[in-house]
Amino acid sequence: MYRLVVLVALAALSTAQYHQNAPQTAAILSEQRYLAGDGTFGAAYSQEDGVEFKEESDVNGNRQGSYSYVDPSGQRRTVTYTAGKDGFRASGAHLPVAPAPAAPQPQYQPQPQYNPPPQQQYQPQPQYNPPPQPQYQPQQQYNPPPQQQYYQPPQNSISQYNPTTPPPHRFYPPGKLNLNRTPDGFTYTFNKS
């Protein structure tokens, strides 16, 4: 009986520890976001399971950033990337690298009878003269029809508001939250205590 109790307690402890480290329930340790008046913005966060993320964007919409995580073997993997008018490019020590493309080489030479005919000299065409445009004749002025009157409720009738759902439970995670707003942007930081 004693062995059974110890076995059940160990199973419960390992299950609780597994759920505590599950990626779905990883707590955010720190988070920062900003929007500057010149159109640049950025974000960064780190989680207790080792996930880290950072990204910044410029006024032209070009982004650069990185993210890292701890893989199942316990090794940290980091990917850096850029995205913009030249497309998306990612790099990392663990990512495969494509071989350099070889320049294409023609595999055959066309026979002379299939070559295009020589280009002819450009001969200017006679000048185009559009036909004369008719003279503008003003139309009669538009008179809209009279507007219809719509129903308006009396000013003193106030409808009763009956909520159908209870107010939400407000959850504030432990930590320090800081929000600074400016006329043309903001900064936001959160650090778990």
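The residue numbering used here restarts from 1 in each chain and proceeds along that chain's sequence as written. pLDDT decides what is reported in this predicted model: residues at 70 or higher carry local features, side-chain atom pairs at 80 or more are listed and counted, and totals for whole chains, interfaces and linings draw on all residues regardless. To get the side-chain values, all heavy atoms of the structure are used, and hydrogens and water are removed first.

A. Examining the confidence of the model for the protein more closely. Residue-level confidence of the predictor, termed pLDDT, takes values from 0 up to 100. Confidence in the prediction for the protein averages 79 pLDDT; 83% of positions are at 70 or higher. At the level of individual helices and strands, the protein shows its lowest average pLDDT in helix α1 (residues 2–20), which scores 49, and its highest in strand β3 (residues 52–57), which scores 96. Only heavy atoms enter the contact rule, under which two residues are in contact if any of them lie within 4.5 Å. For the stretch residues 13–19, pLDDT sits under 50, and the model shows one contact to residues farther than four places along the chain or on other chains. Runs of E in the DSSP output that reach at least two residues are strands. Runs of H or I that reach at least four are helices, and both are numbered from the N terminus.

B. Broad picture of the side chain of Asp71. By the element assignment, Asp71 lies in the loop between β4 (63–70) and β5 (76–84). Using a relative accessible area of 13% as the deciding quantity, one classes Asp71 as buried. Of the polar contacts made by the side chain of Asp71, one reaches the side chain of Ser73; its length is 2.8 Å. Only 3.1 Å separates the side chain of Asp71 from the side chain of Arg77, close enough to count as a polar contact. Think of it in three bands: with a 1.4 Å probe and only protein chains considered, a residue is buried below 20% of the maximum accessible area for its type, exposed above 50%, and partly exposed in between. Any N or O atom pair separated by 3.5 Å or less is treated as a polar contact, with the protein-specific requirement of one donor-capable and one acceptor-capable atom, and with residues adjacent in sequence counted only for side-chain atom pairs.

C. The arrangement of the pairing of strand β8 (residues 185–191) in detail. Should DSSP find at least two bridges between two strands, the strands are taken to pair. In the sheet, strand β1 (residues 28–35) pairs with β8 via six bridges, with the strands oriented antiparallel. For Ser30, the partnering residue across the bridge sits in β8 and is Asn191. Across seven bridges, the pairing between strand β7 (residues 176–182) and β8 is antiparallel. Opposite Asn180, over in β8, you have Thr187 as the bridge partner.

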